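# Residue-level structural notes
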Amino acid sequence: FYRALAAETFGVSVEDVTSDQRRQAKIVCLGTIYGLGYRDAARRLQVSEEVAQEIRTKLVRRFPGLARFLAAAPVVATRLGGSPTLVGRRRRLPLLQRRARAAKAEGERQSINSIIQGSGADVIKCAMLAVSRLLAAARTSVRGPALGLYDSECALGLSTLHIARFVYKETVID
């Protein structure tokens, strides 16, 4: 994923992405999503703040929806009283109501993180429920936990592609 992201961000082919470009794209991407400032990103990248800002600018220019999401998430969370997830769960974020700039900024970072992490949990739960239905339909008996996820890998003998196709067909998230 980060190699493809680096290729898009730096305007090179996936095959031409260097390990340093991949690392930079990963740090800037995750830092942008989780509220890492230019100073901290520059320190982690071991580059100047200007270079860190330039990489982030390339990323946001290539993926304009990212900038829209980052701007909209705190606004939506403030309006709704918390950050919503894909299936409608909501995390309350009282820091968004604070007047102190640092507290409000932390609430804004939490609003972005909550949508991403909460929606990720929604997707995993929907997938696990779909896999459970698949196992029941196949009349497969499994002793112990029916499914385990380890570093995004399914710990069953089923092909990940087979599971993904089933989940896609069986799970609808608008």
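Residues numbered from 1 in each chain as written. Predicted model: local features only at pLDDT ≥ 70, side-chain atom pairs only at ≥ 80, totals over all residues. Heavy atoms only, no water.

Structurally, S111 can be placed in helix α6 (residues 101–137). Of the polar contacts made by the side chain of S111, one reaches the backbone oxygen of E108; its length is 2.6 Å. When near neighbours in sequence (up to four residues on either side) are disregarded, S111 contacts A73, P74, A77, S83, L93 and L96. (Helix = DSSP H or I, 4+ residues; strand = E, 2+ residues; numbered from the N terminus. Polar contact = N/O pair within 3.5 Å; in protein donor to acceptor, adjacent residues only side chain to side chain. Contact = heavy atoms within 4.5 Å.)

This part takes up the packing of aromatic side chains. In the structure shown here, the tally under the stated rule is zero aromatic pairs. Stacked on the ring of F63, the Lys or Arg R62 has its end atom at 5.3 Å from the ring centre. (Phe/Tyr/Trp six-rings, centres within 6.5 Å; stacked < 30°, edge-to-face > 60°. Lys NZ or Arg CZ within 6 Å of the ring centre and 35° of its normal.)

Core analysis: the biggest nonpolar cluster contains 23 residues, and L5, L45, L59 and L66 have the highest contact counts within it. For this core, the secondary structure elements donating two or more residues are α1 (2–10), α2 (19–33), α3 (38–45), α4 (49–62), α5 (64–80) and α6. When near neighbours in sequence (up to four residues on either side) are disregarded, L45 contacts R23, Q24, I27, V28, A52 and I55. (Core = buried A, V, L, I, M, F, W, Y, C linked by side-chain atoms within 4.5 Å. Buried < 20%, exposed > 50% of the residue type's maximum accessible area, 1.4 Å probe, protein only.)

A cluster of nonpolar residues, L86, V87 and V123, forms a patch on the protein surface that exposes about 230 Å² of accessible area. Structurally, V123 can be placed in helix α6. (Patch = residues over 30% accessible without salt bridge, like charges linked within 9 Å, V, L, I, M, F, W, Y side chains within 5 Å. Areas by Shrake-Rupley, 256 points an atom, 1.4 Å probe, with all protein chains shown as cover. Salt bridge = Lys/Arg side-chain N within 4 Å of Asp/Glu carboxyl O.)

The next subject is the pattern of salt bridges. In this structure the tally under the stated criterion is seven salt bridges. Linking K58 and E54 is a salt bridge whose minimum nitrogen-to-oxygen distance equals 3.7 Å. Linking K58 with E54, this pair stays in helix α4, spanning four residues, or about one helical turn. A relative accessible area of 45% places E54 in the partly exposed class.

We now examine the confidence of the model for the chain. Mean pLDDT over the chain works out to 78, with 79% of the residues at or above the 70 mark. Highest mean pLDDT in the chain belongs to strand β2 (residues 90–92) (92); lowest belongs to strand β4 (residues 153–154) (46). Below a pLDDT of 50 lies the segment residues 149–158, which in the model reaches 16 contacts outside its immediate sequence neighbourhood of four places, other chains included. Counted against residues more than four places away or in other chains, residues 170–174, with its pLDDT under 50, gives eight contacts. (pLDDT = per-residue confidence, 0-100.)

With respect to the helices and strands, D122 occurs in helix α6. Relative accessible area serves as the criterion here: at 5%, D122 is assigned to the buried category. Not counting residues within four places of it along the chain, the set of residues in contact with D122 comprises T85, L86, V87 and R89.

Residues A41, A42 and L45 constitute the buried set of α3. The arc enclosing the buried residues of α3, seen along the axis, measures out at 100 degrees, which places them on a common side. Of the residues in α3, the exposed ones pointing more than 90 degrees away from the buried face are R39 and R43. Along its buried surface, α3 packs onto α2 and α4. A positive backbone phi angle near 60 degrees is found at Q46, which sits one or two residues after α3. (Arc of directions from axis to C-beta.)

What follows covers the environment of G107. Mapping G107 onto the fold places it in helix α6. Classification of G107 as buried rests on a relative accessible area of 0%. Setting aside its immediate chain neighbours within four residues, G107 contacts L93, L95 and L96.

For Q46, which is not glycine, the phi dihedral falls at a positive 60 degrees. Examined against the element boundaries, Q46 turns out to sit in the loop between α3 and α4. With a relative accessible area of 71%, Q46 lands in the exposed category.

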